[in-house]
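Inside the fold
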Amino acid sequence: MRAVTAAIRMHDRFLLTTHEHPDGDALGSLLGMHLGLQALGKDSVMYLPGSGPIAGEYQWMPLDALVRTPPADQAKRVLLALDCAGAGRIGDPVALERAPLILNVDHHHDNTRFGTVDLVIDTASSTGEIVFDLLTALGVTITPEIAEPLYVALVTDTGRYQYSNTTPRALRVGAELVEAGADVAGVFKKVYESVGFPKLKLLARVLDRAEQYEDGAVVISWLVHTDWPDVGAGEGYSEGVIEHLRSVEGARVVALIREPPFRTPVQRRVSLRASDLSIDVSAIARQFGGGGHPQAAGFTSDQTTAELIEAICSAYVAATRGAA
Ligand code: AMP
Ligand code: MN
Ligand code: MN
């Protein structure tokens, strides 16, 4: 913590980035940190490499300053990676090579420590919680504009303060953010109750296709690339859909296999969730080259959906063998 705050105090130009397919924690941490650095008089640029979509539920966030190509002075900016468990999660390998200094701020237990300085706190509910601590340590006043994105980070990564990472500390930081001006009902309305109608139709397909395996302990569903145009959905419409599969009685591991929207699949994204603290889905994801948290993880693969279903079931059986 001290090494990161010292580095922030010492430097003037920053390039803030996060992982591809950014979630609420990724975008909330990015924006909260950006505004906090600006409050300190720093020159900060938010950079999300590539052209991947921002999920619909986060498009209301004031991210107009976000750039998708690196600034010309990239090599002179301290790179601050937020919510990235490994260098590969940043969609621009060159950014890492060019950076004079890399600050790696994250809460994934399997973080590869790719930074010059690594601030990895796996007991933090979210990267947003760590950003809150950093800004507080730096003496930044948490304005409503800073509080709200950080609140988005906490509320989304904790599953609206319901998942096992909902610590007393996460609740206290949430309370401080609300005191500082984060609008609880407003964020709820914008993130969870302003879903485009086509997303409901995508969800319907996911629920309709869901199958139970291993006596109901594993629930898997999938989306094919034509689903998006069929229902009139945009690219970012499938974020969060997997959470609906977790609620089934007896389900211990749930998976959603997604083809890339609109494109013939080369690679599929697999999201994994464990509803049971005794199973670590990040260990399963790592077997396939991905990673994540014990209760929420993912990977990409060039296997077919049928092959993936079989592989996920085998990995579940292997992971639980002897345990039951
Ligand atoms: P998602 O299923 O995409 O919402 O991601 C859930 C969790 O898994 C997040 O914490 C991600 O950081 C992690 N994750 C997802 N995909 C990957 C991947 N390809 N490699 C490493 N971690 C991943
Ligand atoms: Mn994330
Ligand atoms: Mn996170």
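Remember, predicted model here, so these are calculated numbers, not experimental data. (Residues numbered from 1 in each chain as written. Chains lettered and ligands numbered in written order. Predicted model: local features only at pLDDT ≥ 70, side-chain atom pairs only at ≥ 80, totals over all residues. Heavy atoms only, no water.)

**Let's talk about the site of ligand 1**
By nearness alone, 14 residues border ligand 1, and Arg89, His108, Ser271, Arg273 and Ala297 come closest of all. Within the contact set of ligand 1, an oxygen atom lies 3.2 Å away from a side-chain nitrogen or oxygen of Arg89. Within the side chain of Ser271, a nitrogen or oxygen atom sits 2.6 Å from an oxygen atom of ligand 1. Coverage of ligand 1 by the protein amounts to 82% of the 480 Å² it exposes when considered alone. Elements with a minimum of two residues in the shell around ligand 1: strand E9 (268-274), strand E10 (291-292) and strand E11 (296-301). Ranked by the residues each element gives to the shell around ligand 1, the list is headed by E11, at 5 residues. (Near = heavy atom within 4 Å. Polar contact = N/O pair within 3.5 Å; in protein donor to acceptor, adjacent residues only side chain to side chain. Areas by Shrake-Rupley, 256 points an atom, 1.4 Å probe, with all protein chains shown as cover. Helix = DSSP H or I, 4+ residues; strand = E, 2+ residues; numbered from the N terminus.)

**So, the pairing of E9**
Extensive coverage of E9 is indicated by the burial of 6 of its 7 residues. Judged from the 6 bridges that link them, strand E8 (residues 253-258) and E9 form a sheet pairing that is antiparallel. Paired with Val254 across the strands is Arg273, a residue of E9. (Buried < 20%, exposed > 50% of the residue type's maximum accessible area, 1.4 Å probe, protein only. Pairing = 2+ DSSP bridges.)

**As for unusual backbone geometry**
In this model, His21 sits at a positive phi of 50°, which is unusual for a non-glycine residue. Within the secondary structure, His21 is located in the loop between strand E1 (13-18) and helix H2 (24-39). A positive phi angle, close to 55°, is found at Arg160, a residue other than glycine. Counting through the fold element by element, Arg160 comes out in the loop between helix H5 (144-157) and helix H6 (168-179). Residue class for Arg160 comes out partly exposed when judged on its relative accessible area of 43%.

**Brief notes about the packing of aromatic side chains**
Following the criterion strictly, the structure yields 3 aromatic pairs and no others. Ring centres of Phe288 and Phe299 lie 4.4 Å apart, and the angle between their planes is 10°; this geometry places the pair in the stacked category. Here the residue Phe288 occupies a position in the loop between helix H10 (281-287) and E10, and Phe299 occupies one in strand E11, the gap between them amounting to 11 residues. Accessibility expressed as a relative area gives 4% for Phe299, which makes it buried. (Phe/Tyr/Trp six-rings, centres within 6.5 Å; stacked < 30°, edge-to-face > 60°.)

**Overview of the coordination of the manganese ion (ligand 3)**
Within the protein, Asp25 (OD), Asp83 (OD), His107 (NE2) and Asp157 (OD) serve as the donor atoms for the manganese ion (ligand 3), at 2.1 to 2.3 Å. Here the donor residues for the manganese ion (ligand 3) map to a single chain with the spacing D-x57-D-x23-H-x49-D. Between the manganese ion (ligand 3) and the manganese ion (ligand 2), a spacing of 3.7 Å is present, and a bridge between the two is formed by Asp83. Separated by 82 residues along the polypeptide, Asp25 in helix H2 and His107 in the loop between strand E4 (102-106) and strand E5 (117-120) bring together distant segments of the chain. (Donors = N, O, S within 2.8 Å, 3.2 Å for Na, K, Ca; no water.)

**Focus: the domain arrangement of the chain**
You can read the domains of the chain as domain 1 (2-192) and domain 2 (197-323). The gap between the C-alpha centroids of domain 1 and domain 2 is 26 Å. Each partner contributes to the interface: domain 1 provides 11 residues, whereas domain 2 provides 16 residues. Each partner contributes to the roughly 1,100 Å² buried at the junction of domain 1 and domain 2, and carbon and sulfur atoms together form 54% of this total. Its largest share of buried area at the contact with domain 2, domain 1 owes to His21, His109 and Tyr163, together 38% of the area lost on that side. Connecting domain 1 to domain 2 are 2 salt bridges. With a shortest N-O distance of 3.1 Å, Arg286 and Asp110 are connected by a salt bridge. Counting every contact that joins domain 1 to domain 2 gives 8 residue pairs in polar contact (both at pLDDT 80 or more). A breakdown of the residues in the side of domain 1 that touches domain 2 according to their chemical character gives 3 nonpolar, 6 polar and 2 charged. (Domains from an automatic or database assignment. Contact = heavy atoms within 4.5 Å. Buried area = accessible area lost by both parts, 1.4 Å probe. Salt bridge = Lys/Arg side-chain N within 4 Å of Asp/Glu carboxyl O. Nonpolar A, V, L, I, M, F, W, Y, C, P; charged D, E, K, R; others polar.)

**Quick word on the environment of Ile279**
Its location among the elements puts Ile279 in the loop between E9 and H10. Distance in space between the C-alpha atoms of Ile279 and Arg89 is 24 Å, their sequence separation being 190 residues. The residues contacting Ile279, other than those within four sequence positions of it, are Arg252, Val253, Ala274, Pro294, Gln295, Tyr316 and Thr320.

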